[in-house]
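So the chains spell out like this:
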Amino acid sequence: MFIILTKAQADALRGMTSGTTALMPVPLKNGTEWALPAKVLDDPAHASKRRALAAITKRELTKADWPDPDPIE
Amino acid sequence: MFGRLGLGDLTSFGASGGGALGADDEAVTIRQVATVSAAKTNTTAIVGFSQVAAVGIETDPAAHYSAIATVTAGAIAAYTNASAISQIAAVTGAGFAGYTNAAAVSQIAAVGIERTVGYSWTNSEGSTWEAQCDLTGWDDGFRGDVDQLISDLKSGTVNATNTYSGFDLILLMDTPNSSDSLRYLNAPTLTATNVNSTAFTATEGFTGDGSADYINTNYNPSTDGSQFTQNSASHGCWQRTAATGGGYLYGFFSTSAEGIITNATPGGYGPNAGTTILNGTTARASLVGLTGINRSGSAARQIYFNGVSEGSDTASSTTLINKEVAILARKTATADQFSNAQISLWFAGRSFTANEWADIHAAFDTYRTAREAA
């Protein structure tokens, strides 16, 4: 399960949440959405962002939702 | 009034009970007791005094405790005034254990009591690292394993090489807690970052979800590379659980690629070789263990698995790339090529010879074996 964010939401949530933890939304293939794993909601390290995260839509993602691998892999 | 009581008077008074002592006399009487007890160095008297202090009659205990040379465990346990404790020159071990005031503890340590307690590091680098760490879950067994690792990297158990100073960074990702598993052993003011809640297991390492989490080393070869240079460079990692489904064990990609990929043979990009991959020659069901890639010259690369060279080429070196290295993914403008492997350690440094790679593997293997048994 993933938290699905708009670009504005991703920009607002991106960044360090403690000295050694961070949230970095990952872009999806459609170019308009970003994702965070839903497990970040349960991580105390991100407690300061929990209220904002909890209000955002969640859904399952398939391989087709992610960008195609770069030719260099 | 007892303002003129001497030692004999007080002893007699104590023995016969305190009912005759009025409230107005208590403070004066206590100060007289303090003076007498110091002269007698009688621990029983000190215990009695601490009890008086605890009920609040004494208003300036520090001044009167300054003469105390030794204190029993019971007295320390009952006493809570930091400034007074700081005056104590010697404390028994049991008494110290019962005390929790930080300021006072620092004073006691300064006179040498605490030095007899705790792990004694052979390598000061371990002590320096510990001083920066969270310490949750640590025990002396773990300290010993890390101490042995540092010794082994300094003296090499196979070929007697010293590689420790050749690393820019060594990240032990399998410590007893996640915080310390992000703090560099040989640069303990620096840390990596757990991005998107990568799962951590004590004594094992970090495990990727293969889709959106990773560890950012915060190491950028072009700005942080000291040992890692264009024509002398290396990086590697210890994979504890093999990845399924591809991805990078670590690396980055911009105009050039760096890192180790999931493959049937050991394989990877860099150091400083554009987009030219270097693969080993021996296919395996999994690559659990130490995989590293090395540049020993402007046109000489080698790939190592568990301390043995498994391939080489003559790819020309390129300038260092301005990009941070991710673990369990490939750092790009964001990150991609996520891996679900479990990684126990990562490093970057100068070029190492074949003999040095054998020593590096032996050192990490000894350490990992010890951690698995912990």
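These notes cover the structure that comes with them. Keep in mind that what you see is a predicted model, and the values were worked out from it rather than measured.

Here is what the cut-offs are and how they apply
- Residues numbered from 1 in each chain as written.
- Chains lettered and ligands numbered in written order.
- Predicted model: local features only at pLDDT ≥ 70, side-chain atom pairs only at ≥ 80, totals over all residues.
- Heavy atoms only, no water.
- Helix = DSSP H or I, 4+ residues; strand = E, 2+ residues; numbered from the N terminus.
- Buried < 20%, exposed > 50% of the residue type's maximum accessible area, 1.4 Å probe, protein only.
- Contact = heavy atoms within 4.5 Å.
- Axes fitted to C-alpha atoms, helices over the stretch in contact; angles between N-to-C directions.
- Parallel < 35°, antiparallel > 145°, perpendicular 65-115°, else oblique.
- Nonpolar A, V, L, I, M, F, W, Y, C, P; charged D, E, K, R; others polar.
- Left-handed = near helix turned anticlockwise from the far one by under 90°.
- Salt bridge = Lys/Arg side-chain N within 4 Å of Asp/Glu carboxyl O.
- Pairing = 2+ DSSP bridges.
- Phe/Tyr/Trp six-rings, centres within 6.5 Å; stacked < 30°, edge-to-face > 60°.
- Lys NZ or Arg CZ within 6 Å of the ring centre and 35° of its normal.

## A closer look at the overall build of chain B
Along chain B, the regular secondary structure elements total 12 helices and 19 strands. Counting every position in chain B, which comprises 374 residues, the buried fraction comes to 51%. Sequence-distant contacts in chain B: of pairs separated by 6 or more residues, those separated by 24 or more amount to 59%.

## A short note on the packing of helix H10 (residues 140-155) of chain B against helix H12 (residues 354-373) of chain B
All names here are of chain B. As a packed pair, H10 and H12 sit with axes 9 Å apart at the nearest point and diverge in direction by 170°. Regarding the angle of H10 to H12, the classification is roughly antiparallel. Taking contact as the criterion, the partners of Gly141, Phe142, Asp145, Val146, Leu149, Asp152 and Leu153 in H10 are, on H12, Ile360, Ala363, Phe364, Thr366, Tyr367, Ala370 and Arg371. In terms of residue class, the contact of H10 with H12 is made up of 9 nonpolar, 2 polar and 3 charged.

## Re the packing of helix H9 (residues 124-132) of chain B against H10(B)
Residue and element names in this part refer to chain B. At a minimum axis distance of 9 Å, the contact between H9 and H10 shows a crossing angle of 135°. Taken together, H9 and H10 sit at an angle that is classed as oblique. Between H9 and H10 the crossing geometry is right-handed. Where H9 approaches H10, its residues Glu125, Gly126, Trp129 and Glu130 are matched on the opposing element by Phe142, Arg143, Val146, Ile150 and Lys154. When the residues that make up the contact of H9 with H10 are grouped by side-chain class, the tally is 4 nonpolar, 1 polar and 4 charged.

## Focus: the pattern of salt bridges
Residues and elements named next belong to chain B. Counting across every chain of the model gives 18 salt bridges over all chains. With a closest N to O distance of 2.8 Å, Lys154 and Glu125 form a salt bridge. Taken together, the residues Lys154 in helix H10 and Glu125 in helix H9 connect sequence positions 29 residues apart. Here Lys154 falls in the partly exposed class, since its relative accessible area comes to 28%.

## Considering the pairing of strand S14 (residues 300-305) of chain B
All names here are of chain B. Counting buried residues in S14 gives 5 out of 6 residues, a clear majority hidden from the surface. Pairing geometry for strand S13 (residues 289-297) and S14, over 6 bridges, is antiparallel. The partner of Gly297 across the bridge, within S14, is Ala300. Between the end of S13 and the start of S14, which pair antiparallel, lie 2 residues. Where S14 meets strand S15 (residues 308-313), 5 bridges bridge the pair, whose relative direction is antiparallel. Considered in S15, the bridge of Arg301 is made with Asp313. Between S14 and S15, which pair antiparallel one after the other, the connecting turn spans 2 residues, and Asn306 there sits at a positive phi close to 50°.

## Some thoughts on the sheet that holds strand S6 (residues 58-59) of chain A
Pairing is antiparallel across the open sheet formed by 4 strands, whose spatial order is S4-S5-S1-S6 (chain A). With partners counted over all chains shown, the strands left at the sheet margins are strand S4 (26-27) and S6 of chain A, one partner each.

## With respect to the packing of aromatic side chains
In total, this model carries 17 aromatic pairs over all chains according to the counting rule given. Seen in terms of ring centroids, Tyr119(B) and Trp121(B) are 5.2 Å apart; in terms of plane orientation they differ by 80°. Their pairing is edge-to-face. Where Phe167(B) meets Phe352(B), the ring centres are 5.0 Å apart and the plane angle is 40°; that geometry is what we call tilted. Residue Phe167(B) is found in strand S3 (residues 167-172), and its partner Phe352(B) is found in the loop between strand S19 (342-349) and H12; the two are separated by 185 residues along the sequence. Across the pair, Phe352(B) and Phe167(B) agree in class, each one buried. Members of the aromatic cluster, joined through ring pairs, are Phe167(B), Tyr304(B), Phe347(B), Phe352(B), Trp357(B) and Phe364(B). For the cation-ring pair, Arg14(A) lies above Trp34(A), with the distance from its terminal atom to the ring centre recorded as 5.2 Å. Positioned above the aromatic ring of Tyr164(B) is the side chain of Lys154(B), whose terminal nitrogen or guanidinium carbon lies 5.9 Å from the ring centre.

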